[in-house]
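Descriptive analysis of the structure
Take a look at the letters that make up each chain.
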Amino acid sequence: MPPTSSTSPATSQRTRVLSGIQPTSLSQHIGNYLGATKQWAELQDDHEVFFFLADLHALTVEAPEPAVLTQRSRQAVAQLLAAGVDPDRSAIFLQSHVPGHTQLSWVLECLTGYGEAGRMTQFKDKSARGERVSVGLLTYPILQAADILIYQAHQVPVGEDQRQHIELTRNLAQRFNARYGETFVVPDAYIPKASAKILDLQDPTAKMSKSLPDAGTLNLLDDPAVLTKKIKRAVTDTGSEIRFDPQTKPGVSNLLAILAAVSSTTIDTLVGQFDGQGYGALKVAVAEAVVAFAEPFATRVRETMADPAEIDRILARGAEQARPVAEATVADVYERVGFLPPLRT
Ligand code: TRP
């Protein structure tokens with residue numbers, strides 16, 4: 001059921017969920033999947049959902065080659081579909097296809113203190129390290145607030161690292177509402193407790209991330225042989241016992257968490273199964289399970305990518321569902337701040 005369809009009487013009562021990911025690489029890693037898109041696919045059953053690719057945000061750090069960005073955007077859509085996000089039940093669109101995001105962002109920027117924006121960790125850390133930071137990186141969280149508030153979303157499924165941005169979003173919504181009257185839903189972060197936190201294979205104290213060296217990252221579009229090699233070379237811990245103990249055994253615990261998540265079992269069950277076995281046996285099992293998941297995923301992505309025009313049609317449909325909602329919010333906001341409404345002739 002498309003989110004804006006009026007054929008379902010339940011539509012308007014359902015909780016509205018919105019989330020976005022940046023198309024910053026060609027392949028999702030298993031942490032992106034388990035921490036984000038898998039939840040998205042599950043949420044579409046009982047919620048009215050809007051999922052978008054934050055291509056505007058993808059320019060804030062290091063603007064990629066134009067053709068690369070285009071390819072990443074389409075491939076990100078293909079991966080959402082492969083993860084089970086269904087264009088018949090979710091609005092899937094590109095941020096740059098809905099002009100309201102930047103229109104609302106401007107108004108919110110004018111409500112945000114310079115110091116307040118400067119305290120957002122991503123900007124603060126990068127500027128503290130002396131890296132080149134753009135104004136876009138400074139205003140990034142405000143654009144994110146606009147992404148959320150423009151759809152009057154109730155819940156925003158995100159990882160723990162995004163909590164600060166959702167706090168800012170809530171503050172801006174409350175500030176606007178207090179100054180101009182009730183306009184925005186004040187959204188909640190939706191951070192599933194059960195979702196496994198997947199760590200880097202080479203440094204299991206850090207979250208798995210595309211910005212760390214590739215050897216520690218399990219990309220879902222990696223070759224099976226590459227995935228297997230990365231898992232075999234994963235850093236393990238001293239001792240030989242297979243236990244779940246993230247403090248003293250971060251490497252082994254991470255492998256257990258990955259195996260539990262991709263094979264839909266519990267960590268406790270696995271610890272029982274591997275009683276008396278060594279790290280080697282665990283790695284073999286993890287590699288088999290990851291490959292068994294990643295191979296059909298990659299096949300689905302390749303099949304979708306073979307027909308880019310179909311991806312573009314899905315995005316067009318998604319944007320058609322998103323735009324009226326976004327336009328209504330922008331019109332309301334512009335009127336409330338006192339912009340003279342344009343006369344429609
Ligand atoms: N900043 C988010 C990330 O890097 C992506 C994002 C942009 C987002 N806009 C959003 C997430 C709105 C949720 C809602 O993961």
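Residues numbered from 1 in each chain as written. Predicted model: local features only at pLDDT ≥ 70, side-chain atom pairs only at ≥ 80, totals over all residues. Heavy atoms only, no water.

**Remarks on the pairing of strand β3 (residues 90-94)**
In terms of burial, β3 is a largely internal element, 5 of the 5 residues being buried. Burial along β3 is two-sided: Ser90, Ile92 and Leu94 and Ala91 and Phe93, pointing in opposite directions, are all buried. (Buried < 20%, exposed > 50% of the residue type's maximum accessible area, 1.4 Å probe, protein only. Helix = DSSP H or I, 4+ residues; strand = E, 2+ residues; numbered from the N terminus.)

**Observations regarding the nonpolar core**
By size, the foremost hydrophobic cluster in this structure holds 55 residues, and its most contacted members are Ile30, Leu218, Leu282 and Val290. Elements represented by at least two residues in this core include exactly α1 (30-43), β2 (48-53), α2 (66-82), β3, α8 (224-232), α9 (250-262), α11 (279-305) and α12 (308-337). No other element matches the 13 residues that α11 contributes to this core. Contacts of Leu218, omitting those with residues within four sequence positions, involve Gln28, His29, Ile30, Leu201, Met208, Leu227, Lys230, Ile231, Ile258 and Val290. Leu104, Leu149, Leu172 and Ala322 belong to the second largest nonpolar core, which has 39 residues in total. (Core = buried A, V, L, I, M, F, W, Y, C linked by side-chain atoms within 4.5 Å. Contact = heavy atoms within 4.5 Å.)

**Regarding the side chain of His165**
Mapped onto the secondary structure, His165 falls in helix α7 (residues 163-180). According to the relative accessible area criterion, His165 is buried, its value standing at 4%. At 3.0 Å, the side chain of His165 and the side chain of Gln144 are in polar contact. Not counting residues up to four positions away in its chain, the partners in contact with His165 are Met120, Gln122, Tyr140, Pro141 and Gln144. (Polar contact = N/O pair within 3.5 Å; in protein donor to acceptor, adjacent residues only side chain to side chain.)

**So, the pattern of salt bridges**
Scanning all chains against the criterion turns up 18 salt bridges. A salt bridge links Asp88 to Arg317; its shortest N-O distance comes to 2.8 Å. Pair noted here: Asp88 is in the loop between α2 and β3 and Arg317 is in helix α12, with a separation of 229 residues, a long-range link. With relative accessibility at 45%, the residue Asp88 sits in the partly exposed group. The class of Arg317 is partly exposed, set by a relative accessible area of 33%. With its nearest N and O atoms 3.1 Å apart, the salt bridge here joins Lys230 to Asp214. Linking Lys230 in helix α8 with Asp214 in the loop between β5 (188-190) and α8, this pair joins segments that are 16 residues apart in sequence. The exposure class assigned to Asp214 is partly exposed, which follows from its relative accessible area of 46%. Where salt bridges share partners, they join Asp45, Asp86 and Arg89 into one cluster. (Salt bridge = Lys/Arg side-chain N within 4 Å of Asp/Glu carboxyl O.)

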